[in-house]
Amino acid sequence: MEKDTFTAFVVHQKEDQTFEQTVTQRSFVDLPDYPVLIRVKYSSLNYKDALSASGNKGVTSSYPHTPGIDAAGIVEQSDDERLSAGDPVIVTSYDLGENTSGGFGQYIRVPGDWIVPLPDGLTLRESMIYGTAGFTAAYGVLKIQQNQSESADVPALVTGATGGVGSFAVGLLAQEGYAVTAATGKLNQTDYLRELGARDVIHRKEVTDVASKPLLDGRWSAAVDTVGGEILDAVLRQTKHNGTVTCCGNILGGELSTNIYPFILRGISLMGIDSGRCPMPRRRQIWKQLAGLWKLPFLNRMVREITLDQLKEEIKKILRGDQTGRIILNLNL
C-alpha cells in the first residue's frame, strides 16, 4: 500500500465505560489477517450497526471497533485465487462489522468465503441500497414462495413496514403479485408505503388489539414479521390455513408467547430468516435475483446518502426509531 492509514468511523470505550464515536485515521495493521483487502465504496446503516456503535457487547465484544455489517467495493489485494485485484464485490453478514472491522471504514480485510462477486445488473451503490435489509427481505420472500404455490392477489402482511427490511418486503411481495397490507406505527408514511406497492396501510395496533383467543379469523396467507414479540403472536393467530410466516427481527423482544393451534389446526409454517449465516450458494442466488427479476424500480427513491461525518446523527435516529427507508454511506467522498 502507498499509504499507512485510512479514514474510518471508530467507536472507543472510555475509562468510565461510556462509548465515544469519532471519524479518524486507522492503520492497515489494525485490520485482521485475512486474505482479501477491499477498498470500500459504499456501506449502509442497519440497526445492528447502531447497537455496535453504542457499545452493545452482545454485538461487539471489544473496542476500539469500526462497525458496518455491509460493504461493497473493489478488491485491492487478494491471496485468494478466486478473487483478483479490481473485482467489484459485496460483503454482508458473517462477522463483518460485529467483531471484524466493518464497512464504516475505507478498507476491510475479510476471508474469501464471505465475498459475493457483484452480479450483472447491479451497481455497487445499488447493492448497498439493498444491503443486509434488502437481502433479508428477499430471503423471506423466497421462503414464502418455496412454501406456497400461489402469489397472485394472495393477501400478505408486512410488519415494521417502514423499516429497511419491511420496506423491501413490501416492494418485493407487491412486485411478485401479492396483495400487501403494510402495518406500521407511522401512518404519516402511508404515501411512501403505497408507492412501494402496499394496497392497504394499517396501524400496527390493528394487528395486536385483538381478542386473546388461540385462533382468530384468518386475514392473510403470507406474512413477513420484522419486529417479533406480541405482534408475531398476533400475526400467527390471524394467518389463514396453510399460510407462511417468516420472522427476522426482535425489536419488541426475543420472547414469543403463543399457542400451538395455528400450527396443528391451520397447518401454518413459521420460518426463521438467518441472513447472517445464509449458505453461499443460496446467498449468490438471492443477490442474482435482486440484480435481475427482483430488482425494484424505485431503489433511488427510498434512500438517503450520507458521509462518515453525518453517520453519528443517523445512528441516533435509527436507535430512536425515526428512520424510514434506507441510509447508505458513501466512502468515495
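Residues numbered from 1 in each chain as written. Predicted model: local features only at pLDDT ≥ 70, side-chain atom pairs only at ≥ 80, totals over all residues. Heavy atoms only, no water.

Colleague: Can you tell me about the pattern of salt bridges, naming the residues and giving the values?
Modeller: According to the stated counting rule, one finds 13 salt bridges in the structure shown. Residue Glu98 pairs with Lys48 through a salt bridge whose shortest N-O separation is 3.2 Å. In this pair, Glu98 is assigned in the loop between strand 5 (88-92) and strand 6 (107-110) and Lys48 in helix 1 (residues 47-53), connecting sequence segments 50 residues apart. On the accessibility criterion, Glu98 (17% relative accessible area) is buried. Using a relative accessible area of 34% as the deciding quantity, one classes Lys48 as partly exposed. Across the pair Asp70 and Arg326 runs a salt bridge, and its minimum N-O distance is 3.9 Å. Of this pair, Asp70 sits in strand 4 (residues 70-78) while Arg326 sits in strand 15 (residues 326-330), and the two are 256 residues apart along the sequence. Residue class for Asp70 comes out buried when judged on its relative accessible area of 0%. (Salt bridge = Lys/Arg side-chain N within 4 Å of Asp/Glu carboxyl O. Helix = DSSP H or I, 4+ residues; strand = E, 2+ residues; numbered from the N terminus. Buried < 20%, exposed > 50% of the residue type's maximum accessible area, 1.4 Å probe, protein only.)

Colleague: Could you give me a rundown of a nonpolar patch on the surface, with the residues and numbers involved?
Modeller: A surface patch of nonpolar side chains, about 400 Å² in accessible area, is lined by Ile260, Tyr261, Ile264 and Leu265. One can find Tyr261 in helix 7 (residues 261-264). Overall, the relative accessible area of 38% leaves Tyr261 in the partly exposed class. (Patch = residues over 30% accessible without salt bridge, like charges linked within 9 Å, V, L, I, M, F, W, Y side chains within 5 Å. Areas by Shrake-Rupley, 256 points an atom, 1.4 Å probe, with all protein chains shown as cover.)

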